[in-house]
Amino acid sequence: MFLHIGGDYSVAFADILSIHDYEKTVKSAANRDFLERKRDSIIDISDSEPKSIIVTPDKLYISAISTLTLKGRMEKWMK
């Protein structure tokens, strides 16, 4: 199964390591440092309204879709 994360992007369920709330994540200095170190791996598909960060083994996607919506999409297919 694949999760549509915004724009023309979908990620295989098996590749998703974690999904984080963008606003809460960037409040932490340690998380901001992590994002800075992974700068070359970030794909921003948020259109300047970031709501979530989807972490995969190779990339970090910044999406305008909320974590709650992404969770609901995953749960719909996992029933």
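What you are looking at is a predicted structure, and each value in this text was computed from that prediction instead of being measured.

### What about the packing of aromatic side chains?
Then, number 1: Scanning the model with the defined rule gives one aromatic pair in all.
Then, number 2: With centroids separated by 5.9 Å and ring planes inclined at 55°, the aromatic side chains of tyrosine 9 and tyrosine 61 adopt a geometry described as tilted. Remark: tyrosine 61 occurs in strand E6 (residues 60-63) and tyrosine 9 occurs in strand E2 (residues 9-12); sequence separation between them is 52 residues.
Then, number 3: Since its relative accessible area comes to 33%, tyrosine 9 is described here as partly exposed.
Then, number 4: The exposure class assigned to tyrosine 61 is buried, which follows from its relative accessible area of 12%.

### Regarding the nonpolar core
Then, number 1: Core analysis: the largest hydrophobic core is formed by 11 residues, namely Leu3, Ile5, Val11, Phe13, Ile16, Ile45, Ile54, Tyr61, Ile65, Leu70 and Met74.
Then, number 2: For this core, the elements supplying multiple residues, two or more each, are strand E1 (2-6) and helix H3 (67-78).
Then, number 3: Aside from chain neighbours lying at most four places away, what touches methionine 74 is Leu3, Phe13, Ile16 and Ile19.
Then, number 4: With five residues, the next largest nonpolar core counts Ile53, Val55, Leu60 and Ile62 among its residues.

Thresholds, definitions, all that
- Residues numbered from 1 in each chain as written.
- Predicted model: local features only at pLDDT ≥ 70, side-chain atom pairs only at ≥ 80, totals over all residues.
- Heavy atoms only, no water.
- Phe/Tyr/Trp six-rings, centres within 6.5 Å; stacked < 30°, edge-to-face > 60°.
- Helix = DSSP H or I, 4+ residues; strand = E, 2+ residues; numbered from the N terminus.
- Buried < 20%, exposed > 50% of the residue type's maximum accessible area, 1.4 Å probe, protein only.
- Core = buried A, V, L, I, M, F, W, Y, C linked by side-chain atoms within 4.5 Å.
- Contact = heavy atoms within 4.5 Å.

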